[in-house]
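Below, each chain spelled out in residue letters.
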Amino acid sequence: MNASGWRPPESASSPTAAWVLSFALALAGLGCAAEVPASEPTPAPREQPSPEPTAMPPTKPATPAPVWLPELEPGPHAVGYRQQWFEDPTRSLFDPSTGASTKRPLLLSVWYPSDAAAPDGQGGQGMGVDDYLRVEAPGAGAWRERLARHVRKVRDHEVFDGEPTDALAELATMARRDASWAAGRFALVLAHPGLGGSFSDNFVLWEYLASHGFVVVSGAFLDASGMSSAINWDPATSIADLDRMFEAAAAWPGVDADRSVVIGHSYGGQAALAYALAGRDVLGVVSLDSTIEYANPDEPWYEEPEPARYLGARERLRVPTLVFHSGGQSTYVEGLTRSDRSVVVLPELQHNDFIAHGGVLRAVYTEHADPKVRAGYVEVADTVRRFIARTTSASQAPEPVEPTPDNWTRLPAEPGPPELAEVLGWIRELGPGAAWERCASHEGCAAESQLNAAGYVLLRAGRPALAEQVFATVVERVPESWNAWDSWAEVAAERGERAAATERYGKALELVVELERSRPRSDNAVHRARIERLLNELEAPSG
């Protein structure tokens, strides 16, 4: 399925054994739940995602009854909830219990603005807290009970220290199952739970955001094999699943996919950062106690090869970022220099207090009641709402400056070197020579490589004359660069100017041979052999 908005999944990969051990030790005691043993599933029926129903005609929204955490003032919308089950046609799984191959199953849980004034029969069915422990998506098949057991185990572990209970079963939520969608198009929030977590473990925040006009989509994130319902540290699988979630949601009439953010708790916060660092089209990132903040500052695990593959190259993050933690260090966040960052420290919260299961339910409805945790969760939810509202706002009006609380740190984005698109603009507007001077005046702008890359863009875009001028400018500025002569020769060859191409390749060969003598590296030998071959082709009789 290659519908509009689909982006190919990343190739899957497993963390090194050493890193798994160090990460497991780092997370010890943080309350991540393990999966309940279950029988192996049979392949689920294949079902393609169905579009969200057409929105009802506009009506004046009614304010819903206060949520059972009244400090969080709900927005103008009622809240709808639904699940959708489908398969990813790009990825296959092997079921060892049957020997059959099946497509990767995906469960989407969706919280969305609903129409409180919908006619009878379209207002949805009221939900209690325990309704979030059920998997009722059509097509879930044999996976249904497996996921439901896992979600209940996560809830009981995070709220009641592993002791099952039905004490919350009758507690009402804001959501109504399968309610009609409110009229309009709403910004999208992609949500990723933490290691061993579940799709519904932060449902209070998701309801709160939906009441304020956001569509929240959370996934089950089965492991790469599909055999375990517990979420593993596997950014490749997370990125691919988030891609598929984005594609499905982008097709719904009630979603404005051009206004999307990604949010996650614990490992889900790392996955959210990895998703944005991978270049996905989101406007902001929210990280809820990702545990990156607790890495050893002398030997940070995120600099090891496997984590760095997804969390390295921090300068690639160009969108605003909101980071919460309970008192670790912010070395990683400080390295996200091209992002406008807000760091909020809440020392009264433990790791699972940043989600509804561990925070709200535990701090309000159990013997562990703690008003500081309750207040901390309220601050998290309200800050997230305001951040997403600002980040996804379609208004171009400047945001008012808000006072910064003592537990906040604002790290504005640092100006970086100009990107290729900006250099191309200078070339077109000012000419190659002036573009070189302007680039060279910016700290970190490698004028030779930037103009060389721009020349190739112009050549491939059908502007060989301007590309010729760009490459000539580079040669003029750095005549000792074999690569500059090589590029200048290539544009001559493209234009059919054999004599000029031969002369320029000859100079490039002379310089690369000299470089090979002083630095006998294999890549220099490769360049020499390639240029010699091109010269032989140019000097061969035509026809």
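Residues numbered from 1 in each chain as written. Predicted model: local features only at pLDDT ≥ 70, side-chain atom pairs only at ≥ 80, totals over all residues. Heavy atoms only, no water.

Caption draft 1: Structural view of the overall build of the protein. Looking only at helices and strands, the protein features 16 helices and eleven strands. Looking at the protein as a whole, 53% of its 543 residues are labelled buried. By sequence separation, contacts in the protein at least 24 residues apart represent 74% of the contacts at least 6 residues apart. For the protein, the accessible area works out to roughly 23,200 Å², and carbon and sulfur atoms hold 52% of it. (Helix = DSSP H or I, 4+ residues; strand = E, 2+ residues; numbered from the N terminus. Buried < 20%, exposed > 50% of the residue type's maximum accessible area, 1.4 Å probe, protein only. Contact = heavy atoms within 4.5 Å. Areas by Shrake-Rupley, 256 points an atom, 1.4 Å probe, with all protein chains shown as cover.)

Caption draft 2: Local environment of the side chain of Ser290. Of note, Ser290 is situated in the loop between strand S8 (284–288) and helix H6 (305–311). With a relative accessible area of 1%, Ser290 lands in the buried category. Of the polar contacts made by the side chain of Ser290, one reaches the side chain of Glu293; its length is 3.2 Å. Those residues within four positions of Ser290 in sequence are excluded, and the remaining contacts are Ser266, Tyr267, Gly269, Gln270 and Phe324. (Polar contact = N/O pair within 3.5 Å; in protein donor to acceptor, adjacent residues only side chain to side chain.)

Caption draft 3: Main features of the confidence of the model for the protein. Here the protein shows a mean pLDDT of 82. Residues at 70 or above account for 81%. Here helix H1 (residues 17–27) is the element of the protein with the lowest mean pLDDT, 35, and S8 is the one with the highest, 98. For residues 1–66, every residue scores under 50 in pLDDT, and the model assigns this stretch 158 contacts once sequence neighbours within four places are set aside. (pLDDT = per-residue confidence, 0-100.)

Caption draft 4: Expanded view of the side chain of His265. Along the chain, the position of His265 falls in strand S7 (residues 255–265). At 2.9 Å, the side chain of His265 forms a polar contact with the backbone oxygen of His351. Once residues lying within four places of it in the same chain are set aside, the contact partners of His265 are His192, Pro193, Gly194, Leu288, His351, Asn352, Phe354 and Ile355.

Caption draft 5: Structural detail: the environment of Met127. Locating Met127 in the fold gives a position in strand S3 (residues 125–128). You can call Met127 buried: its relative accessible area is 6%. Through-space distance from the C-alpha of Met127 to that of Tyr81 is 9.1 Å; in sequence the pair is 46 residues apart. Setting aside its immediate chain neighbours within four residues, Met127 contacts Tyr81, Tyr132, Leu171, Ala172, Thr173, Ala175, Arg176 and Arg177.

Caption draft 6: Highlighting the packing of aromatic side chains. Counted according to the given criterion, the structure contains twelve aromatic pairs. The interplanar angle of 65° and the centroid separation of 6.0 Å between the aromatic rings of Trp181 and Trp252 together place this pair among those described as edge-to-face. With Trp181 in the loop between strand S4 (172–177) and strand S5 (186–192) and Trp252 in the loop between helix H4 (235–250) and S7, this residue pair connects regions lying 71 residues apart in the sequence. Pair check on accessibility: Trp181 and Trp252 agree, each one buried. A ring pair is formed by Trp233 and Tyr310, whose centres lie 6.5 Å apart and whose planes are at 75°; its orientation type is edge-to-face. On the criterion of sequence distance, the pair formed by Trp233 in the loop between strand S6 (214–219) and H4 and Tyr310 in helix H6 is long-range, its members being 77 residues apart. Summarising the burial analysis for this pair, Trp233 and Tyr310 share the class buried. Among the aromatic residues, those joined into a ring-pair cluster are Tyr81, Trp111, Tyr132 and Phe203. (Phe/Tyr/Trp six-rings, centres within 6.5 Å; stacked < 30°, edge-to-face > 60°.)

Caption draft 7: Spatial organisation of the state of the cysteines. Applying the stated criterion across every chain, the model contains one disulfide. The disulfide partner of Cys439 is Cys445, and the S-S distance across this bridge is 1.8 Å. Where Cys439 bonds to Cys445 through sulfur, the torsion about that S-S bond is close to -80°, and the disulfide is left-handed. (Disulfide = S-S within 2.5 Å.)

Caption draft 8: Fine view of helix H16 (residues 522–539). Taking 1.5 Å per residue, 18 residues should reach 26 Å; H16 reaches 26 Å between its end C-alpha atoms and fits that length. Listed in full, the buried residues belonging to H16 are Asn524, Ile531, Leu534, Leu535 and Leu538. Looking down the long axis of H16, one finds its buried residues gathered within 100° of arc, a one-sided arrangement. Turned more than 90 degrees from where H16 packs its buried face, Ser522, Val526 and Asn536 sit exposed. Its buried side turned inward, H16 meets helix H14 (482–494) and helix H15 (498–518). (Expected span 1.5 Å × (residues − 1). Arc of directions from axis to C-beta.)

Caption draft 9: Fine view of unusual backbone geometry. A positive phi angle, close to 60°, is found at Asp178, a residue other than glycine. The residue Asp289 is not glycine, and still its phi comes out positive at about 50°. Tracing the chain through its elements places Asp289 in the loop between S8 and H6. Asp289 sits in the buried class, given a relative accessible area of 1%.

Caption draft 10: The nonpolar core, seen in detail. Among the nonpolar cores identified, the biggest contains 63 residues, and Trp111, Leu205, Ile263, Phe324 and Val384 are the most heavily contacted of them. Setting aside chain neighbours within four positions, we find Phe324 in contact with Val286, Ser287, Leu288, Asp289, Ser290, Glu293, Val344, Leu346, Phe354, Val380, Thr383 and Val384. In terms of nonpolar packing, the next biggest core, distinct from the first, is built from 48 residues, Leu188, Leu190, Ala236 and Met245 among them. (Core = buried A, V, L, I, M, F, W, Y, C linked by side-chain atoms within 4.5 Å.)

Caption draft 11: Here's a closer look at the pairing of S7. For S7, the buried fraction is high: ten of the eleven residues fall into the buried class. Across seven bridges, the pairing between S5 and S7 is parallel. Within S7, the residue paired with Leu190 across the bridge is Val262. Pairing of S7 with S8, which is carried by five bridges, proceeds in the parallel orientation. Across the sheet, Val261 pairs through a bridge with Gly284, a residue of S8. For the segment spanning S7, helix H5 (residues 267–277) and S8, crossover handedness is right-handed. (Pairing = 2+ DSSP bridges. Right-handed = clockwise from strand over helix to strand, strands pointing away.)

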